[in-house]
Amino acid sequence: MYAKGLNSNVDLLNAVYQNSKMGVDSIDYIFSKIKNNHMKKDLAAQMAGYLHLINKVSSKFDDINSSPDDLFFLTGLPSLAYMKLKICIDNSESHIAEIMIENSTAGLIEAQRIFNRCKNLDGEISRIGCETIYFEQKNINKLRNYL
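Calculation criteria
Residues numbered from 1 in each chain as written. Predicted model: local features only at pLDDT ≥ 70, side-chain atom pairs only at ≥ 80, totals over all residues. Heavy atoms only, no water. Disulfide = S-S within 2.5 Å. Buried < 20%, exposed > 50% of the residue type's maximum accessible area, 1.4 Å probe, protein only. Salt bridge = Lys/Arg side-chain N within 4 Å of Asp/Glu carboxyl O. Helix = DSSP H or I, 4+ residues; strand = E, 2+ residues; numbered from the N terminus. Contact = heavy atoms within 4.5 Å. Expected span 1.5 Å × (residues − 1). Core = buried A, V, L, I, M, F, W, Y, C linked by side-chain atoms within 4.5 Å. Polar contact = N/O pair within 3.5 Å; in protein donor to acceptor, adjacent residues only side chain to side chain.

Participant: Sorry if this is basic, but what is going on with the state of the cysteines here?
Facilitator: Taken as a whole and judged by the stated rule, the model has zero disulfides. No disulfide involves C118; its nearest neighbouring cysteine sulfur is the one of C130, lying 12 Å away. Given a relative accessible area of 7%, C118 falls into the buried group.

Okay, here's the thing in structure tokens:
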């Protein structure tokens, strides 16, 4: 999902940033294809959550005089293209929910993996990691209603 570095704090921030950016781009693409107003509302809330995480991470990067690795071209673009292809084949509400659940699950797994691996995390960065894991689990649970 991202380039693994030596700094645990930066690793976790990069994972949250990449995951959130992919979430925003995915929702941005599919939002106009959704007919169900409840699902649109849930996805709008999910988008707001991703934007909130991006802002938190960006602020923390500023605090540590660093910047996120912008690897979207290498990691996000192929995933987004694959998602678009899958939606062209089947753009049903259930299938879109399934795709979003798969994406949220991948983000949750990556964040949890890095969170478990990282030692001596800054307290605020640790909270961002926990917030991301909780947020993705909440997204999955909401989207299950549309399967």
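The structure having been displayed, the exposition proceeds.
Participant: Looking at this structure, how should I read the pattern of salt bridges?
Facilitator: If the charged atoms of two oppositely charged side chains come close together, the side chains can form a pair. Applying the stated rule across the entire model yields six salt bridges. A salt bridge links E124 to K60, with the nearest nitrogen and oxygen atoms 3.6 Å apart. Here the residue E124 occupies a position in helix α5 (residues 123-143), and K60 occupies one in helix α2 (residues 37-63), the gap between them amounting to 64 residues. Its relative accessible area of 9% is what places K60 among the buried residues. In this structure, the salt-bridge partner of R113 is E110, at a minimum N-O distance of 2.9 Å. Here the residue R113 and the residue E110 both occupy positions in helix α4 (residues 93-117), the gap between them amounting to three residues, near one helical turn. Its relative accessible area of 7% is what places E110 among the buried residues.

Participant: Would you mind going over the side chain of Q46 with me for this structure?
Facilitator: With respect to the helices and strands, the residue Q46 is situated in helix α2. Beyond its immediate chain neighbours, meaning those up to four positions away, Q46 contacts I27, M100, S104, F135, N139 and L143.

Participant: Looking at this model, I keep getting lost on α4. Mind explaining?
Facilitator: Every α-helical turn comprises 3.6 residues, leaving residues that sit three or four positions apart pointing alike. Under the 1.5 Å per step criterion, the end-to-end length of α4 is 36 Å for 25 residues, consistent within 8% with the ideal 36 Å. Every buried residue of α4 is accounted for by H95, I96, A97, I99, M100, I101, S104, G107, L108, E110, A111 and I114.

Participant: Sorry, what's going on with unusual backbone geometry here?
Facilitator: Leaving glycine aside, a negative phi is the common case for residues, and trans is the common case for peptide bonds. With phi around 55 degrees, N65 is a residue other than glycine that occupies positive phi space. Position of N65 relative to the elements: it lies in the loop between α2 and α3 (72-89).

Participant: Whenever I open this one, the nonpolar core confuses me. Can you help?
Facilitator: Judged by nonpolar contacts, the single largest core of 37 residues is most densely connected at I30, M39, L43, V57, I96, M100 and L143. Contributing elements (two or more residues each) for this core: α1 (8-30), α2, α3, α4 and α5. With ten residues, the top contributor of residues to this core is α1.

Participant: Would you mind going over the environment of N139 with me for this structure?
Facilitator: Mapping N139 onto the fold places it in helix α5. Assessed through its relative accessible area of 5%, N139 is described here as buried. Between the alpha carbons of N139 and M100 there is a distance of 8.7 Å; along the sequence they are 39 residues apart. Every residue in contact with N139, bar those within four places of it in the chain, is listed here: Q46, Y50 and S104. There is a polar contact of 3.1 Å between the side chain of N139 and the side chain of E136.

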